[in-house]
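Chain residues, written in single-letter form:
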Amino acid sequence: MELRIPRLRKGSYLPCFLEPRRMAEKALTAVIQEAYVQGISTRSVDDLVKAMGMTGISKSQVSRLCAEIDGKIATFLERPIEGDWPYVWLDATYVKVRQDGRIVSVAVTIAVGANTAGRREVLGMAIGPSEAETFWTDFLRKLARRGLRGVKLVVSDAHEGLKAAIAKVLNATWQRCRVHFMRNVLAHAGKQGRRVVSAFIGTAFAQDTAQAARAQWRQVADQLRPRARKLAELMDDAETDVLAYMGFPATHRAKLHSTNPIERLNGKIKRRTEVVGIFPNEAAITRLIGAILLEQNDEWAVQRSRYMTLESVAPLGDDPLTSMPPVAAA
């Protein structure tokens, strides 16, 4: 059978043959945007472009091409938050940026949540001059306006401003990061006593119930008080906040007692922002870190396994359809 190739009508064209320049530009844009998000420096991007057999590219051209990412990131960071989110992790990382001719350090706050479907998502981010209560309050209120609700526990490091903002906006229990607390406590134990003190306090974390954990915590504090009064007082003050996670399902506790889930994400951000060094403006911070957060959120979305099982986390929701027991009482 003869293969017949259809003739092109007058004015028609084949993009793959007649528009190679446009296709090359699109491919180059995609390469540059991906390289930028992966944390490759502008100079390295220039070398990459040259290695592809093309002329070099300036910083302004890289910025212009990468600005196309902004719309997608804005949509992601401003999307409605639907459903109940019983668990929220909050943390901040610092980056340097140019402001009014000076180089300053700004806080980039990030919120990650787990919903009643057992799925984990990046809920939002904000950039501010510090981690003061007003800044945290504004950040949490923006999340609430986007739909954040049903929060039962917020996990973070010890910031009085954040703790006050959580109580004011979310009316949720606060869990002080256990890992950070232990670092603070062991700083008062001395090099010789750190291992013993860590083992003593660890016996409280090993308990099966919140009541048993609190009882063990107080017993350990009392044992340490004669020789390490400051350390015992730290335990007295932190008992409620450090052991808050014990009041939640045992299957969730390993993920609730610290900010480790979000700190791994912060580690990825740090590795990529260190390549940049100093950001030219806050828009560039949002572009790079927002792209990293979107990338991470997409990775979580395609994971087959849930972050928490549906059966264990669904009853924590405020929605009566999800919080009903599996078998109604007779």
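Everything numeric here is computed off the predicted structure, so don't read it as measured data. (Residues numbered from 1 in each chain as written. Predicted model: local features only at pLDDT ≥ 70, side-chain atom pairs only at ≥ 80, totals over all residues. Heavy atoms only, no water.)

Caption draft 1: Quick peek at the environment of Asn281. Among the secondary structure elements, Asn281 is positioned in the loop between strand 6 (278–279) and helix 14 (282–302). As a C-alpha pair, Asn281 and Asp100 span 181 residues in sequence and 9.8 Å in three-dimensional space. Here Asn281 is in contact with Val97 and Arg98, once residues within four sequence places are set aside. (Helix = DSSP H or I, 4+ residues; strand = E, 2+ residues; numbered from the N terminus. Contact = heavy atoms within 4.5 Å.)

Caption draft 2: Main features of the packing of helix 5 (residues 69–77) against helix 14. Between helix 5 and helix 14, the least distance of the axes is 9 Å, while the angle of their chain directions is 60 degrees. Looking at the two axes, helix 5 sits oblique to helix 14. Handedness of the crossing formed by helix 5 with helix 14: left-handed. From helix 5, Ile69, Asp70, Lys72, Ile73, Phe76 and Leu77 reach across to helix 14, where they touch Thr286, Arg287, Gly290, Ala291, Leu293, Leu294 and Asn297. In terms of residue class, the contact of helix 5 with helix 14 is built from seven nonpolar, three polar and three charged. (Axes fitted to C-alpha atoms, helices over the stretch in contact; angles between N-to-C directions. Parallel < 35°, antiparallel > 145°, perpendicular 65-115°, else oblique. Left-handed = near helix turned anticlockwise from the far one by under 90°. Nonpolar A, V, L, I, M, F, W, Y, C, P; charged D, E, K, R; others polar.)

Caption draft 3: Geometry of the packing of helix 9 (residues 190–205) against helix 10 (residues 210–224). Between helix 9 and helix 10, the least distance of the axes is 7 Å, while the angle of their chain directions is 160 degrees. Here helix 9 is positioned roughly antiparallel relative to helix 10, judged by the angle of their axes. At the point where helix 9 passes helix 10, the crossing takes the right-handed sense. Here helix 9 contributes Val197, Phe200, Ile201, Thr203, Ala204 and Phe205 to the contact with helix 10, which in turn contributes Ala213, Gln216, Trp217, Val220, Gln223 and Leu224.

Caption draft 4: Examining unusual backbone geometry more closely. For Asp100, which is not a glycine, the phi torsion comes out positive at approximately 55 degrees. With respect to the secondary-structure elements, Asp100 resides in the loop between strand 1 (87–99) and strand 2 (102–114).

Caption draft 5: Geometry of the layout of surface pockets. What the second largest pocket holds in volume is close to 360 Å³. Lining the second largest pocket are 18 residues, and of these Leu77, Glu78, Met125, Ala126 and Thr286 lie nearest its centre. Among the secondary structure elements, those contributing two or more residues to the lining of the second largest pocket are helix 5, strand 3 (120–128), helix 6 (133–145) and helix 14. The dominant element in the lining of the second largest pocket, judged by the number of residues it contributes, is helix 6, at five residues. Partitioning the lining of the second largest pocket into residue classes produces 10 nonpolar, two polar and six charged. (1 Å grid on protein atoms, 1.4 Å probe; cavity = no way out; pocket = protein on both sides within 12 Å on 5 of 7 lines; lining within 4 Å. Points joined across faces, edges and corners; volume = space filled by probe spheres on them.)

Caption draft 6: Geometry of the pairing of strand 1. For strand 1 and strand 2, the ladder comprises 13 bridges, and the chain directions are antiparallel. Bridged to Tyr87 within strand 2 is Ala114. A loop of two residues connects strand 1 with strand 2, the two strands running antiparallel in sequence, and Asp100 in this loop sits at a positive phi of about 55 degrees. Here three bridges tie strand 1 to strand 4 (residues 153–156), and the two strands are oriented parallel to one another. Each bridged residue has a counterpart across the sheet, and for Tyr87 the counterpart in strand 4 is Leu153. (Pairing = 2+ DSSP bridges.)

Caption draft 7: Summary view of the confidence of the model for the protein. The pLDDT averaged across the protein works out to 81; a share of 76% of its residues lies at or above 70. Scored below 50 in pLDDT, residues 1–18 shows seven contacts in the model against residues more than four places distant or in partner chains. Below a pLDDT of 50 lies the segment residues 320–330, which in the model reaches seven contacts outside its immediate sequence neighbourhood of four places, other chains included. (pLDDT = per-residue confidence, 0-100.)

Caption draft 8: Examining the environment of Ile127 more closely. Here Ile127 is to be found in strand 3. Excluding its chain neighbours within four sequence positions, the residues that come into contact with Ile127 are Val106, Ala107, Val108, Phe135, Glu282, Ile285 and Thr286.

Caption draft 9: Molecular detail of the nonpolar core. One finds Tyr87, Trp89, Ile201, Trp217, Met235, Ile285 and Leu293 to be the most contacted residues of the largest nonpolar core, which totals 60 residues. Broken down by element, this core gets its largest block of residues, nine residues, from helix 14. (Core = buried A, V, L, I, M, F, W, Y, C linked by side-chain atoms within 4.5 Å. Buried < 20%, exposed > 50% of the residue type's maximum accessible area, 1.4 Å probe, protein only.)

Caption draft 10: Representation of the pattern of salt bridges. For the coordinates displayed, the defined rule picks out 11 salt bridges. In this structure, the salt-bridge partner of Arg149 is Asp84, at a minimum N-O distance of 2.2 Å. With Arg149 in the loop between helix 6 and strand 4 and Asp84 in the loop between helix 5 and strand 1, the pair connects residues that are 65 residues apart, well separated along the chain. With its nearest N and O atoms 3.3 Å apart, the salt bridge here joins Arg229 to Glu233. Separated by four residues within a single helix, Arg229 and Glu233 lie in helix 11 (residues 229–242), roughly one turn from each other. For Glu233, a relative accessible area of 32% puts it in the partly exposed group. (Salt bridge = Lys/Arg side-chain N within 4 Å of Asp/Glu carboxyl O.)

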